[in-house]
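A look at the structure
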Amino acid sequence: MSNNRKFNPSYWHNPGTRPLNALTLGQVIDLAVEKWGDKEAVVSLYQGQRITFREARDKADHVAAGLLQLGLNPGDRLAIWGPNSIEWYICRLAAARGGFIAVQLDPAYQAPQLMFALNKAEVKAIVSSEFYKTNSCYEILRTVIPELDSCPESGVKLQAAKVPTLEALILMGDKQYRGAYRLSDIMTSAQPKFLQKIKDLQTLIQPDEGCSIQFSSGTTGTAKGVLLSHHSVVNTIHLLFSDETKGLDNKVTATTQFCHVSGCQGVIFSGLGSGNTCLIPAPVFEPRIMLETIIQEKCRTVLGTPALFVDMVAAAREHGLKPTSLQVAMCGGAPCSLKLIEDVKTVLNVHNFVLGYGMTEALGIFVPALDGPKDHTFVGRVAPHTEVKVVDKEGRMVPMGTPGELCVRGYSRMLGYWNDEEKTREFMGRDGWAKTGDEFVLEEGGWGRIVGRIKDVIIRIGDKVFPAEMEDFFMEHPDVMEVEVFGVPDPRVGEEICVYLRLRDGAILTEDDIRNYCKDKIPEYRVPRYIRFVKNFERTVVGKVQKFRLLEQLKKELGLPD
């Protein structure tokens, strides 16, 4: 509870009503089979496959056993690279069963990013899709591993000069590639003694051991490998996702890729923890296909980011699609406008639109709650078994209800950035408090309201301008579909405001139209100096817009120094 002294600091601890558990992900899979063995665990519409919980464990155990035969050991890093698929799902379960640390790679990586991630995580084997959109994954791999060209037709132990730890390449498809194993062959080659070893491992793998590495760069900065433990992932699905999505007839889908926390923890593992069926509409997010799948499969829960919900609303209007089964839309990853919430509820016919807040480094921090404040800037209540505080620049707690940087401490926090002690220390101190970099307001009752990113605050002649507030303002314009606001360095005023606008189909606006819209509605110092229009925003794999890319583009256009 909060402190009731005269100075009421921004601190809240939710002790929870259910204890944390000491299970591993492999044990969660066993429990899922015991409870829901013959129920569909995963359905891939585009692949035409439906697999039960029992079948999923069996396939995963065979993959894990085959990997042991190749020379992998518990604790080794197994990279999974490709878009959403049955194979991705099975490989992620296989990593859990074999005690391998799953390195969940962005399928959009090109050769430089792929080589960086493989080396940073010291990956021993990689399971790759054949294609991501129009990209041949194998051709990208040939750039990273040129030795493939001199390998025999079937798989071999690799000796890759650019990635010296990498010993095995495994492709998900049926085609045989030079130097690569086929996933199907790995699965069918599993020997009984290695299958027994996988079963034995379920009592040997420890909850505090690492289970995954996810590269997190957000919208700014260099990629960092976030190491999560079995304990943090298992208890996140136990305490957070399962409550909102539980139901034996529930089907859940995500607009994001499985390599992201919302796709992996929010759909794959929460499904294992609550008996929900994971739906895969398509390899990548296609709003119309997503809606058609929700309607066809009577999906009750959808997870996504604001930008991807924007696209779903637009597709629903364009194609006349209106789901009737959706009970819950869970949104996170970025601030959400009130207009978008209203659109999702009415256009997508969603009964409950709930906001949550977490990060790759700390998973669930604030959990969705239907009884909370109706202000759309609130992102729920402090999660069970979690402490939060809001501090000023000197690290001192500010009064309750006052903006500051959100810090968090609890079970869901990462073990650290892989092979990067310096960045780990920057993120969390010896006292266990992790700095999120987000501007927050904490209210009585443990409710949190996000203001924006600390680094995103625009300071113009001493005045603070929060991009999230400006984005809400422009989203009220009837012709505006999506907005991104950020600061541009200026030698006279410190920073000027820039707005990038994506308009609704058929809408035409000029810069003067936007300035006239601002007149008499906001202070003059908040009227953007730079106004740009885009047909579409370039997005990350989870639908986020990288503002630093827009800033780089604008600086180049204006001839400003980097």
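For the structure given in this document, a descriptive report is provided here. (Residues numbered from 1 in each chain as written. Predicted model: local features only at pLDDT ≥ 70, side-chain atom pairs only at ≥ 80, totals over all residues. Heavy atoms only, no water.)

Let us now look at the sheet that holds strand β20 (residues 378-382). Taken together, eight strands build an open sheet; the order of strands is β1-β21-β22-β24-β25-β20-β19-β18 and the sheet is antiparallel. Each of the sheet's edge strands pairs with one partner strand only, and the pair in question is β1 (11-14) and β18 (357-359). Adjacent strand axes in the sheet meet at a mean angle of 45 degrees, parallel and antiparallel pairs treated alike. As judged from the two bridges shared by strand β19 (residues 363-367) and β20, these two strands associate in the antiparallel manner. By the bridge assignment, Phe 366 is partnered in β20 with Val 382. (Pairing = 2+ DSSP bridges. Helix = DSSP H or I, 4+ residues; strand = E, 2+ residues; numbered from the N terminus. Axes fitted to C-alpha atoms, helices over the stretch in contact; angles between N-to-C directions.)

Most often, soluble globular proteins have nonpolar side chains that are buried together. Tyr 89, Leu 272, Tyr 357, Ile 365, Phe 366 and Val 388 are the most contacted members of the largest nonpolar core, which totals 90 residues. It is helix α3 (residues 86-98) that provides the largest number of residues to this core, a total of nine residues. Those residues in contact with Val 388 that lie beyond four places of it in its chain are Ser 10, Tyr 11, Trp 12, Ile 365, Phe 366, Val 382, Leu 406, Cys 407, Val 408, Trp 433 and Leu 442. (Core = buried A, V, L, I, M, F, W, Y, C linked by side-chain atoms within 4.5 Å. Buried < 20%, exposed > 50% of the residue type's maximum accessible area, 1.4 Å probe, protein only. Contact = heavy atoms within 4.5 Å.)

In space, the three strands of this open sheet follow the order β28-β29-β30, with mixed pairing throughout. Among the strands making up the open sheet, the edge pair consists of β28 (480-490) and β30 (530-534). Adjacent strand axes in the sheet meet at a mean angle of 20 degrees when their direction is disregarded. The sheet contact formed by strand β29 (residues 494-503) and β30 spans five bridges and is parallel.

Oppositely charged side chains can pair when the atoms bearing their charge come close. This structure, assessed with the given rule, holds 35 salt bridges. With a closest N to O distance of 3.3 Å, Arg 317 and Asp 343 form a salt bridge. Within this pair, whereas Arg 317 is found in helix α11 (residues 306-319), its partner Asp 343 is found in helix α12 (residues 338-347), the two being separated by 26 residues in sequence. A salt bridge links Lys 547 to Glu 484, with the nearest nitrogen and oxygen atoms 3.9 Å apart. Of this pair, Lys 547 sits in helix α16 (residues 547-558) while Glu 484 sits in strand β28, and the two are 63 residues apart along the sequence. For the pair Lys 547 and Glu 484, a shared accessibility class is recorded, and that class is buried. It is possible to trace a salt-bridge network through shared partners that takes in Glu 511, Asp 512, Arg 515, Arg 532 and Glu 557. (Salt bridge = Lys/Arg side-chain N within 4 Å of Asp/Glu carboxyl O.)

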